[in-house]
Amino acid sequence: QVQLVESGGGLVQPGESLRLSCAASGSIFKIYTAGWYRQAPGKQRELVAAITSGGSTNYGDSVKGRFAISIDNIKKIVYLQMNSLKPEDTAVYYCNADLSLTAWTSVRAYWGQGTQVTVSS
């Protein structure tokens, strides 16, 4: 059974940094794409950053230049380095991965439970 477990969230002051981790466990053949999404109270879930197994990345406009996503394909861990955090970055951050369990099964999306990030002075 596949699980995505996020960690690294917390309370920080504006301008500080955090690194989120998302560990994928279970019998996984390959992670094709992985991403971080966030949802603030009263707002829709939005893409923060995404990465393919080949290393191509995509970022939401509000985090470009401040956040960086990376993936360890061997350990199956996805990271989100968040620098110069702002109060508007406050949200629950969710990890997503599109993966297959074997070479012959279809790709399916999995989600983590989320980790809270609060940026406040």
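Residues numbered from 1 in each chain as written. Predicted model: local features only at pLDDT ≥ 70, side-chain atom pairs only at ≥ 80, totals over all residues. Heavy atoms only, no water.

What follows deals with the overall build of the protein. For the protein, the helix and strand inventory stands at zero helices and 11 strands. From first element to last, N terminus to C terminus, the protein shows the α and β order β-β-β-β-β-β-β-β-β-β-β. Taking 2.2 N^0.38 as the reference for a compact globule, 121 residues should give roughly 14 Å; the C-alpha atoms of the protein span a radius of gyration of 14 Å, in line with that estimate. Considering only C-alpha atoms, the protein reaches an extent of 50 × 25 × 25 Å along its principal axes. Counting only contacts in the protein whose residues sit at least 6 apart along the sequence, the fraction spanning at least 24 positions is 55%. Accessible area for the protein stands at about 6600 Å²; split by element, carbon and sulfur atoms hold 48% of it. Between the centroid of the 11 positive side chains of the protein and the centroid of its 8 negative side chains there is a distance of 5 Å. (Helix = DSSP H or I, 4+ residues; strand = E, 2+ residues; numbered from the N terminus. Rg over C-alpha atoms; globule rule 2.2 N^0.38 Å. Contact = heavy atoms within 4.5 Å. Areas by Shrake-Rupley, 256 points an atom, 1.4 Å probe, with all protein chains shown as cover. Lys, Arg positive; Asp, Glu negative; His and termini not counted. Charge placed at Lys NZ, Arg CZ, Asp CG, Glu CD.)

Turning next to the packing of aromatic side chains. On inspection of all chains with the given rule, the structure shows one aromatic pair. Seen from the ring of Y94, R45 lies directly overhead, with NZ or CZ sitting 3.8 Å from the centre. Between R45 and the ring centre of W111, over which it is positioned, the NZ or CZ distance is 4.9 Å. (Phe/Tyr/Trp six-rings, centres within 6.5 Å; stacked < 30°, edge-to-face > 60°. Lys NZ or Arg CZ within 6 Å of the ring centre and 35° of its normal.)

With that settled, the discussion passes to the environment of R38. Inspection of the secondary structure puts R38 in strand β4 (residues 30–39). The class for R38 is buried, based on a relative accessible area of 5%. It is 14 Å that separates the C-alpha atoms of R38 and P87, two residues lying 49 residues apart in sequence. Once you skip the residues sitting within four places of it in the chain, R38 turns out to touch Q44, R45, E46, V48, S62, V63, F67, E88, D89, A91, V92 and Y93. Within the local environment of R38, its side chain forms a polar contact with the side chain of S62, the two groups lying 3.1 Å apart. Side-chain polar atoms of R38 contact the side chain of D89, separated by 2.9 Å. (Buried < 20%, exposed > 50% of the residue type's maximum accessible area, 1.4 Å probe, protein only. Polar contact = N/O pair within 3.5 Å; in protein donor to acceptor, adjacent residues only side chain to side chain.)

A separate point is the nonpolar core. With 32 residues, the main nonpolar core has W36, L80, M82 and Y93 as its most contacted residues. Going through the elements one at a time, β3 (18–25), β4, β5 (46–52), β7 (67–72), β8 (77–82), β9 (91–100) and β11 (115–119) are the ones with two or more residues in this core. If one sorts the elements of this core by residue count, β9 sits on top with five residues. Among residues more than four places away in sequence, those in contact with Y93 are E6, L20, W36, Y37, R38, V48, F67, L80, M82, G114, T115 and V117. (Core = buried A, V, L, I, M, F, W, Y, C linked by side-chain atoms within 4.5 Å.)

Looking now at the side chain of S21. Mapping S21 onto the fold places it in strand β3. Taking the relative accessible area as the measure of exposure, S21 reaches 16% and is therefore buried. The contacts of S21, once residues within four sequence positions are left out, are V5, E6, S7, W36, I77, V78 and Y79.

Function-wise, these values are silent; they only describe arrangement.
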